[in-house]
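Here's the letter readout for the chains.
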Amino acid sequence: MKKTFKIAALALMVSMTAVSCKKKVSDAELTTNATTAITAYPGTSVEVKEGQAHLSGVFATEADKQAAIAALKKVEGVKDVHDMATVAPMAAPVEVNMVDAAVLAKVNTALKDIPGVKAEDVAGTLTLTGSTTSANARKVKESVDALKIGKYDNKITVK
């Protein structure tokens, strides 16, 4: 009976030791698995040290960043995720300047009797172009100034 009890105790101890000795995953393997989990997010990287995942890089949106963190937390063996990543700032809206069509029409109407000179929108600035005599150039300036349209670019060539 003592012998049976000793054998049973030994068998129990061996089985307990076998169950408690789980294979520990190395940080290199965890880094590989974590990197695979975030491949959908270019410009990002992850490194695992002692089971702690360190996420870095730049994400397009906050939602992408949170999704990557969630994916890393699901990697077996990762204990915690340290967020060192950033979100790219939103691009400022491109401001397109255009000369008001009504202003452009008024200026062209004022210039209709002066040959060789016209008004146009160049990169959002009212620009006077063409060539004319000095007397007509003076008339152009007076006509445009009388409209009180504000700033304009005078690129008229005087002959």
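Everything below is about the structure shown above.
These lines cover the structure that appears in this document, whether it is placed above or below. As a convention, each chain's residues are numbered from 1 in the sequence order in which they are written. Reporting in this predicted model follows two pLDDT cut-offs: at least 70 for local features of residues, and 80 or more for side-chain atom pairs to be given and counted; totals over whole chains, interfaces and linings ignore these cut-offs and use all residues. To get the side-chain values, all heavy atoms of the structure are used, and hydrogens and water are removed first.

Overview of the overall build of the protein chain
Move 1: Strands are runs of DSSP state E lasting at least 2 residues, helices are runs of H or I lasting at least 4, and numbering of each runs from the N terminus. Along the protein chain, the regular secondary structure elements total five helices and seven strands.
Move 2: When the helices and strands of the protein chain are placed in sequence order, the string is α-α-β-β-α-β-β-α-β-β-α-β.
Move 3: Buried residues are those whose accessible area, probed at 1.4 Å on protein chains only, stays under 20% of the maximum for their type, while exposed residues exceed 50% and partly exposed ones sit between those limits. Taking all 159 residues of the protein chain together, the buried fraction comes to 24%.
Move 4: Excluding contacts between residues fewer than 6 apart, the proportion of contacts in the protein chain whose partners are at least 24 apart in sequence is 51%. Only heavy atoms enter the contact rule, under which two residues are in contact if any of them lie within 4.5 Å.

What about the nonpolar core?
Move 1: The biggest cluster of nonpolar side chains holds 16 residues, and the ones touching the most others in it are I38, L55, L72 and V81.
Move 2: Of all elements in the fold, only α2 (27–37), β1 (44–49), β2 (52–59) and α3 (62–73) reach the threshold of two or more residues within this core.
Move 3: Residues grouped as a nonpolar core are buried Ala, Val, Leu, Ile, Met, Phe, Trp, Tyr and Cys residues, joined through side-chain atoms within 4.5 Å. In terms of nonpolar packing, the next biggest core, distinct from the first, is built from 13 residues, I114, V117, V140 and V144 among them.

So, the side chain of T127
Move 1: In this fold, T127 is placed in strand β6 (residues 125–132).
Move 2: Pairs of N or O atoms within 3.5 Å make up the polar contacts considered here, provided that, within protein, one atom can donate a hydrogen while the other can accept it, and that residues adjacent in sequence are counted only when both atoms are side-chain atoms. At a separation of 3.1 Å, a polar atom in the side chain of T127 contacts the main-chain carbonyl oxygen of T125.
Move 3: Contact partners of T127, with chain neighbours within four places excluded, come to K118, A119, E120, V122, D153 and K155.

Details of the environment of H82
Move 1: Following the sequence through the fold, H82 ends up in strand β3 (residues 80–83).
Move 2: Note on H82: relative accessible area 29%, which makes it partly exposed.
Move 3: Between the C-alpha atoms of H82 and L55, which are 27 residues apart in sequence, the distance is 6.1 Å.
Move 4: Those residues in contact with H82, other than ones at most four positions away along the chain, are Q52, A53, H54 and L55.
Move 5: Within polar-contact distance, the side chain of H82 engages the side chain of Q52 at 2.8 Å.

Topic: the sheet that holds strand β7 (residues 153–158)
Move 1: Across the sheet, which stays open at both edges, the three strands sit in the order β5-β6-β7 with mixed pairing between neighbours. Among the strands making up the open sheet, the edge pair consists of β5 (117–122) and β7. The sheet shows a mean angle of 15° between the axes of neighbouring strands, direction not considered.
Move 2: Here six bridges tie β5 to β6, and the two strands are oriented antiparallel to one another. Bridge pairing in β6 places A119 opposite L128.
Move 3: Seen against the sheet, helix α4 (residues 101–110) touches β5 and β6 and runs at an angle of roughly 165° to β5. Two strands form a pair only when DSSP identifies at least two bridges running between them. To get an axis, a line is fitted to the C-alpha atoms, and for a helix only the part in contact is used. The angle between two axes follows their N-to-C directions and goes from 0 to 180 degrees.

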